[in-house]
Amino acid sequence: MDDRDARGERPVGSPAAGVVHSLSERHETLATVESLTGGLLSASIVEIAGVSGTYRGGLVVYATELKAQLAGVPEDLLAERGPVDPDVAVALAEGGRRRCGADWGLATTGVAGPEPQDGKPVGLVYVAVAGPGGAQVRQLDLDGGRAHIRSAAVIEALRLLADRLHAASERAAEAADAGPAEAADRAGVGRR
């Protein structure tokens, strides 16, 4: 596997190890749903020792109809926009989270090449994460060959999840530092 990110740089450390460590500390679980990465994302996660307490499992839904049948992506969304779409990426992440009973869902969809797909250019990739605080999608416009596009998508998906976990930890720390009244006010508790 070509282990360069979207900028063509090799990440310091293992993005998967960082995510698995963070999830383990938080006592939270992860599920994956992959299209263009075809199992590379889940493989990078299960390489990490001790992952069994964190990783619930995943789906490889390469065929468009399986995105609906297995991951629960609305068929009308797929029919209208095709499989390479930001809302489809979010639906994949949410579907994986729901179907696998995980706290977090992480998804990849895009065009690895060698040819464009449904009018979408080679290198257009969407990675999405869905978790307790909602979902987020990131568009990647990747250069290079098929192997690089697929491996960069894995790295960038893991980075997106790491960013979300970090943000969630910061919010939790801020809430813990706040007094009970301030924390309730921030959360909207007690408002009429």
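Check the entry above for the structure.
About the criteria used
Residues numbered from 1 in each chain as written. Predicted model: local features only at pLDDT ≥ 70, side-chain atom pairs only at ≥ 80, totals over all residues. Heavy atoms only, no water. Core = buried A, V, L, I, M, F, W, Y, C linked by side-chain atoms within 4.5 Å. Buried < 20%, exposed > 50% of the residue type's maximum accessible area, 1.4 Å probe, protein only. Helix = DSSP H or I, 4+ residues; strand = E, 2+ residues; numbered from the N terminus. Contact = heavy atoms within 4.5 Å. Salt bridge = Lys/Arg side-chain N within 4 Å of Asp/Glu carboxyl O. Polar contact = N/O pair within 3.5 Å; in protein donor to acceptor, adjacent residues only side chain to side chain. Axes fitted to C-alpha atoms, helices over the stretch in contact; angles between N-to-C directions. Parallel < 35°, antiparallel > 145°, perpendicular 65-115°, else oblique. Left-handed = near helix turned anticlockwise from the far one by under 90°.

*Asks:* Just give me the short version of the nonpolar core, but keep the residues and values in it.
*Replies:* Leu30, Ile45, Leu106, Val125, Leu158 and Leu161 are the most contacted members of the largest nonpolar core, which totals 28 residues. Broken down by secondary-structure element, the contributors of at least two residues to this core are α1 (15-26), α2 (40-46), β3 (104-110), β4 (124-131) and α6 (146-177). If you tally residues by element for this core, the top one is α6, at nine residues. With sequence-adjacent residues up to four places away left out, Leu106 is seen in contact with Leu30, Ala31, Thr32, Val33, Leu41, Ala93, Ala128, Val129, Ala157, Leu158 and Leu161. Membership of the second largest hydrophobic core comes to 21 residues, among which are Leu59, Ala71, Val90 and Tyr126.

*Asks:* Mind laying out the pattern of salt bridges, listing which residues take part and the relevant values?
*Replies:* Summed over the entire model, instances satisfying the criterion amount to six salt bridges. The shortest N-O distance in the salt bridge between Glu28 and Arg26 comes to 2.8 Å. Among the residues examined, Arg26 registers a relative accessible area of 23% and is labelled partly exposed. Residue Asp85 is joined to Arg81 by a salt bridge in which the shortest nitrogen-to-oxygen separation is 3.2 Å. Its relative accessible area of 34% is what places Arg81 among the partly exposed residues.

*Asks:* Got a sec to walk through the side chain of Ser151? Specific residues and values, please.
*Replies:* Along the polypeptide, Ser151 turns up in helix α6. On the accessibility criterion, Ser151 (0% relative accessible area) is buried. A polar atom in the side chain of Ser151 sits 3.2 Å from the backbone oxygen of His148.

*Asks:* Account for the packing of α1 against α6, naming residues and giving values.
*Replies:* Taken N-terminus to C-terminus, the directions of α1 and α6 make an angle of 30°; their axes are 9 Å apart at the nearest point. Relative to α6, the element α1 lies roughly parallel. α6 is crossed by α1, and the crossing has left-handed handedness. Of the residues in α6, those touching α1 at Pro15, Ala16, Val19, Ser22, Leu23 and Arg26 are Ile155, Leu158, Leu161, Ala162, Leu165, Ala168 and Ser169.

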